[in-house]
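The chain contents come next:
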Amino acid sequence: MNNYKLIKLGKFDESVMNNKTTQNISVKIDGKTVNAPVGTTVLQATQKAGIYIPTLCYLENIKPYGGCRLCIVEIKNMRGYPTACTTPIAQDMEISTKTPELQKLRRDILELVLSEHPYTCLVCRDKNNCNEFMTTTRKVSVTTGCNFCTNNGNCELQELVEYLELTEIKYPWAYKEIKPEKNNPFYDIDYNLCILCGRCVRVCNEVRYSEVLNFVQRGNLVIVGTAFGESQKDAGCEFCGACIDVCPTGSLSEKMGKWVGIPDKSTETTCVFCSVACKMNINTKDNRIVNVGPNPDNRTNPLQLCVRGKFVPGDIMHHPERITTPMLKKENKWIEVSWDEAINFTVNKLEQYRGNQFGIIGSAHESLENNYVLQKFSRKLMKSNNVDILSSFPDKNIIKKIHDYYTHHKPANIDDITNADTIFVIGSQTNLSHPIIENRIRKAAKNGKKVIVANTHDTRTSYFAEQNILYKQGEEHIFLLSLLSVLNNKISGKLSNDLKQEFKNFDIEKAFKRCGVSRQDIEKIAKSLLNSKKSVIIAGDGILINPDSIYNFNALVNIQTILKKPETCKIIFLLNEGNFYGSTIAGLHSDFLPGFDELANKKNIKKWSDNWKTKLNNTKGLSGNEMVNNITEDGITALFVVGDIPAHPNLAKLKFLVQQNMFLTELSEHAHVFFPITGFTETNGHIINLERKLKEITPVTASAKDIKTVWETISNLARVMQEKGFDYKKPEDIFSEINSFIDLSFATEEKAKKEILPIRADVSDKKKKLPVEIIAENNYFNYLGNDLLKLIPDMEDILGEGGSGSSSGSGSGSGSSSGII
Amino acid sequence: MKDTIDAILKKHIPKEKGNLIPVLQSVQKKEGYISPESVKRISNYFRISRSSIYGIATFYSQFRFNPPGRHSIKICLGTACHVQGGDFILKALQAEIGISPGETTDDMRFDLDRVACLGCCALAPVVMIDNKIHSRMSVIKLKELLNKYE
Ligand code: SF4
Ligand code: SF4
Ligand code: SF4
Ligand code: SF4
Ligand code: FES
Ligand code: FES
């Protein structure tokens, strides 16, 4: 007799399937021979062989649960019916997946599951007619209360019933009489439809680490819930929507698109809201976004997004207040006009404002292509180098520093976070600004990696930290210097000696006092960084949006440089908007032509004059801030703004203001022309994320016919102004132009440059004023500068009360960390 | 109350999550029930989410989450009582005192719980108040009965 050695499945290892080094074993599934690595489960092996086994509780990449028992199989010489999702394969196993016996058992199991679930929609004789005529509910008759169930077609029960050919259910249906919850932002909950598969609980705890959902109560009262039945928000829900994505029933459903019907298209694109640039999948029907959710073909492993990626696209693209036609301001009123009229009017005006009096402020949510055309328009046609993006960085050159850093240090990968053994997060509210980075930090912490969090206040990340440091607001730089100094004293060598010189007059005790962090704490961080084989430093707004940002940057890079093995340490700079880096490399920066070519360098002026067959103005460009502050008779007189910029009294003095945006905003009060603009789901192009990877945006829906992209608008203006070099037919034309001028393959000289960047080791230094006024209050919840909290009431619901999404000025503000702490 | 819980927590090592049940037991012993505030403290101490603690605690019948009232009503919903209209009694009771099982009235007069069979099925439907069994309940009897408890 063949005795299989069953390896007890411990922690589920996601790498197993991809691991090529482990030994392959062969099994027979329904007579077919399949080779798979040791540790593969029967379910994975069958899937590999293209054989279907019904499942309900299974989710890819998380520990199998074995709860629903639908995936039972027969294995020769093994007793009973093991569940495929929890049973690992063994050499020469013979597995049957579809014997009549099994199908009958599965039917019985499904019947039991359905005895507590409204099943009329599943077995009703009129089912097929219903599909056709009863479009308002997913399929359950109205009397059973299933008009709560969405009709978006995301129902795995229906698929299972069909597959198992279940036509009748012998049990009476027990309605659970649970009050559906409709007060949550973004999604509705009806646990009467819940089959307790536990997918939502596991995804919330084991994938998102938000730890909001759990099974509560016992016996037949068990439901999914939160502590004391409090609301999702009070329980610390982050509205990532992961639970909705994995729910096999209509128990959890997005409010948006709930009644729109079954999607007819599913498109993959890239989220531009933050610089993580997550891959996202958007389901649409009749050119409308139904939801951002799992691709119907891959429901058990949906892409992970955050609240912005999951819920904002549909709400914003189909917003009732969205402007869909060009408008001209006549007698203080907005009048809808044709594109031709708007363009002609604008051209006439622009002709009067060529040269240094003109400026463009774009958005880092826009694509590489759009921003490239925008700055080209300003420089080549309007003869002005006043181009910038709405930016929250007080020092506009920080992006150049980061760029230079990248030429010597390969940018970190998001996965580097989970692979590191020490993760040092400083000055960041990652859970709000870059939730998917936060997710990796949490994952690392859960896997026993050392997470050190430093900030002015406790954040949700602190909950996962092994060491949580609180430094005084405004003293970020002193804190970093203290760390650098303490670390440096533990190291010898030339670089470190040079650095010690710099610290000669640095009163370290005073520094500890000033930043409010004790020597022991700093020693501990230093030790962790020194002793780790791989470390990642994550620098957030508190460091970068800071009057000392450049020095903070230098201090951080120095920390990396002096480590014994700087190559094993990586720094992630958390740029906010999705295309921050990409917009700058596209040339939308007052000091840099495309490709970070310094404007101040004559050679570059010549180079780009040649590239664009023109003669460029060589006057220094103004940043967005400077433009706004310089609105005078003989300063800036005309602006072209993409999106929105914060209100400023000077704006009223503009002679000519063009705004291209999705919504009318405060700025529009001063605008003379308004062009509607496409959203990122309505166009194609590229962005460059914080890993410096080129990511593609693909059109998901077509915009209304009178809405145009930035490049189309600009091309139209240029055509009427009879300027050559703007006759693009499609974004691809722009991309190939960019590609012909700038190297977008981003080769990095692998060897880290060994030099100490200048520091300012001075504790006596008085608190400094912000060098420039910050143009954008740093609000993560904006799109093209438009405030999402104002536009989407549910967003206000979850973030309101002083806006934990915004933090201003020096260091991060007092943004509250909602949640479990 | 804060101090009581902190005193209990201090006796246990935060890393050892297995101590959760004994901690919950001590808290219940000291305070009479597990309050949201205690769950919050325990959650911070052990770094287990509040939902998980609540999930674990509700799994055991020994824990209660509402403060005990002056009188405890237990309504039987076992098979026999169910058949004899226990649900109906429960509904009447809920209407009368305005709370659902697992809750306490605002004036702390009653707390209400449901149980599955009190072992006197022959007398169904059955309600127990402060350990005293009241058999063959009816809605009218129930109203009279409640008046006796202050
Ligand atoms: S939406 Fe809330 S409950 Fe659902 S997985 Fe995310 S954090 Fe958990
Ligand atoms: S809510 Fe959905 S995912 Fe969660 S247990 Fe119920 S059926 Fe499963
Ligand atoms: S989840 Fe909705 S559609 Fe699916 S079986 Fe239940 S009631 Fe019907
Ligand atoms: S983490 Fe950033 S890129 Fe990802 S979904 Fe959220 S906002 Fe979009
Ligand atoms: S999928 Fe295997 S037990 Fe549910
Ligand atoms: S069922 Fe109520 S006492 Fe037994």
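For the structure itself, look to the data block above.
Thresholds applied
Residues numbered from 1 in each chain as written. Chains lettered and ligands numbered in written order. Predicted model: local features only at pLDDT ≥ 70, side-chain atom pairs only at ≥ 80, totals over all residues. Heavy atoms only, no water. Helix = DSSP H or I, 4+ residues; strand = E, 2+ residues; numbered from the N terminus. Buried < 20%, exposed > 50% of the residue type's maximum accessible area, 1.4 Å probe, protein only. Contact = heavy atoms within 4.5 Å. Areas by Shrake-Rupley, 256 points an atom, 1.4 Å probe, with all protein chains shown as cover. Lys, Arg positive; Asp, Glu negative; His and termini not counted. Charge placed at Lys NZ, Arg CZ, Asp CG, Glu CD. Buried area = accessible area lost by both parts, 1.4 Å probe. Salt bridge = Lys/Arg side-chain N within 4 Å of Asp/Glu carboxyl O. Axes fitted to C-alpha atoms, helices over the stretch in contact; angles between N-to-C directions. Left-handed = near helix turned anticlockwise from the far one by under 90°. Core = buried A, V, L, I, M, F, W, Y, C linked by side-chain atoms within 4.5 Å. Expected span 1.5 Å × (residues − 1). Pairing = 2+ DSSP bridges. Patch = residues over 30% accessible without salt bridge, like charges linked within 9 Å, V, L, I, M, F, W, Y side chains within 5 Å. Phe/Tyr/Trp six-rings, centres within 6.5 Å; stacked < 30°, edge-to-face > 60°. Lys NZ or Arg CZ within 6 Å of the ring centre and 35° of its normal.

A. Highlighting the overall build of chain B. In terms of helices and strands, chain B carries seven helices and five strands. With the principal axes as the frame, chain B shows a C-alpha extent of 55 × 30 × 20 Å. A total of 150 residues make up chain B; the buried ones form 45% of that total. Counting contacts in chain B only where the partners sit at least 6 residues apart, residues at least 24 apart contribute 62% of the total. For chain B, the accessible surface area stands at approximately 7900 Å², while carbon and sulfur atoms represent 53% of it. Each charge sign in chain B was given a centre, from 22 positive and 15 negative side chains, and these centres are 5 Å apart.

B. Inspection of unusual backbone geometry at higher detail. Between A124 of chain B and the following residue, P125 of chain B, the backbone shows a cis peptide bond with an omega angle of -10 degrees. Tracing the sequence through the fold places P125 of chain B in the loop between β3 (110-115) and β4 (127-129). The residue R692 of chain A is not glycine, and still its phi comes out positive at about 60 degrees. Topologically, R692 of chain A is positioned in the loop between β26 (685-688) and β27 (694-697). A relative accessible area of 7% places R692 of chain A in the buried class. Not every positive phi belongs to a glycine, and D130 of chain B is a case in point at roughly 45 degrees. By the element assignment, D130 of chain B lies in the loop between β4 and β5 (132-134). Accessibility expressed as a relative area gives 34% for D130 of chain B, which makes it partly exposed.

C. Inspection of the interface of chain A and chain B at higher detail. Counting residues at the interface gives 24 residues for chain A and 20 residues for chain B. Surface buried jointly by chain A and chain B totals about 1700 Å² across both partners, of which 48% is contributed by carbon and sulfur atoms. Summed over the three residues of chain A that lose the most area to chain B, namely R218, F228 and Y463 of chain A, the buried surface amounts to 40% of that side. Applying the counting rule to chain A against chain B returns one salt bridge. Between E230 of chain A and R50 of chain B there is a salt bridge, and its shortest N-O distance comes to 2.8 Å. When residues in the side of chain A that touches chain B are grouped by element, the largest group, three residues, is from strand β6 (residues 214-216) of chain A.

D. Molecular detail of the packing of helix α9 (residues 339-352) of chain A against helix α24 (residues 710-720) of chain A. Residue and element names in this part refer to chain A. Where α9 meets α24, the closest approach of the two axes is 9 Å, and the angle between their N-to-C directions is 65 degrees. Crossing angle aside, the handedness with which α9 passes α24 is right-handed. Where α9 abuts α24, its residues W339, I343, N344, T346, V347 and L350 lie against T713, N716, L717 and V720.

E. Quick peek at the nonpolar core. All names here are of chain A. Ranked by internal contacts, the top residues of the largest apolar core, which has 194 residues, are F377, F424, F479, I538, F640, Y783 and M795. Looking at this core element by element, the count peaks at eight residues for helix α15 (residues 476-488). Those residues in contact with F640 that sit more than four places away from it in its chain are F358, G359, I360, I361, L374, V658, Q660, F675, I714 and L717. Counting residues in hydrophobic clusters, the runner-up holds 23 residues, among them C57, L70, C121 and L164.

F. Here's a closer look at α15 of chain A. Taking 1.5 Å per residue as the helical rise, α15 of chain A with its 13 residues ought to reach 18 Å, and the 18 Å between its terminal C-alpha atoms agrees with that figure. Most of α15 of chain A sits out of view: 13 of its 13 residues are buried.

G. Region of interest: the sheet that holds strand β18 (residues 467-470) of chain A. Residue and element names in this part refer to chain A. Read across the sheet, five strands follow the order β18-β17-β16-β19-β20 without closing on themselves; strand pairing throughout is parallel. For this open sheet the edge positions go to β18 and β20 (569-573), each flanked by a neighbour on one side alone. The average angle at which neighbouring strand axes cross in this sheet is 15 degrees, direction not considered. The pairing of strand β16 (residues 422-426) with strand β19 (residues 535-539) spans five bridges and is classified as parallel. When the bridges of β19 are listed, V425 appears paired with I538. Against the sheet, α15 engages β16, β17 (450-455) and β18, with an angle of about 150 degrees to β16. The strands touched by helix α18 (residues 519-531) are β16, β17, β18 and β19; relative to β18, the strand with the most contacts, the crossing angle is about 130 degrees.

H. Local environment of the sheet that holds strand β24 (residues 656-661) of chain A. All names here are of chain A. Taken in spatial order, the seven strands make up an open sheet running β13-β12-β25-β24-β23-β14-β15, and their pairing is mixed. On the outer flanks of this sheet lie β13 (333-336) and β15 (387-389), each paired with one strand and no other. Each strand of the sheet is rotated relative to its neighbour by a mean of 20 degrees, with strand direction disregarded. Sheet contacts for α9: β12 (327-330), β14 (358-362), β24 and β25 (673-676); angle to β25, the most-contacted strand, approximately 135 degrees. Strands β14, β15 and β23 (638-642) of the sheet are contacted by helix α10 (residues 368-381), whose axis makes an angle of about 175 degrees with β14.

I. Expanded view of a nonpolar patch on the surface. Together, I56, F59 and Y60 of chain B give the surface a local cluster of nonpolar side chains, amounting to about 270 Å² of exposed area. With respect to the element layout, Y60 of chain B can be found in the loop between α4 (50-59) and β1 (71-76).

J. Main features of the pairing of strand β10 (residues 279-285) of chain A. Residue and element names in this part refer to chain A. Of all seven residues in β10, five are buried, a share of seventy percent or more. Relative to β10, strand β9 (residues 265-270) is paired through six bridges, and the arrangement is antiparallel. Across the sheet, K265 pairs through a bridge with T284, a residue of β10. Of the pairings in the sheet, the one linking β10 to strand β11 (residues 288-292) comprises four bridges and is antiparallel in character. Note that in β11 the partner of I282 across the bridge is V292.

K. Quick look at α24 of chain A. All names here are of chain A. Most of α24 sits inside the fold, with eight of its eleven residues counted as buried. Turning to α24, its buried residues are V710, W711, T713, I714, S715, N716, L717 and A718. Residues of α24 that are buried in the fold lie against α9, α10, β23, β24, β25 and α25 (731-741). Q722 occupies a position one or two residues after α24 and carries a positive phi of about 60 degrees.

L. Up close: the packing of aromatic side chains. All names here are of chain A. Enumeration according to the criterion identifies 32 aromatic pairs over all chains in this entry. Aromatic side chains F592 and F596 sit 5.7 Å apart centroid to centroid with 55 degrees between the ring planes, which places their arrangement in the tilted category. Here the guanidinium or amino end of K310 rests over the ring plane of F311, the centre of that ring lying 6.0 Å away. Between the NZ or CZ atom of K708 and the centre of the ring of W339, over which it lies, the distance is 5.2 Å.

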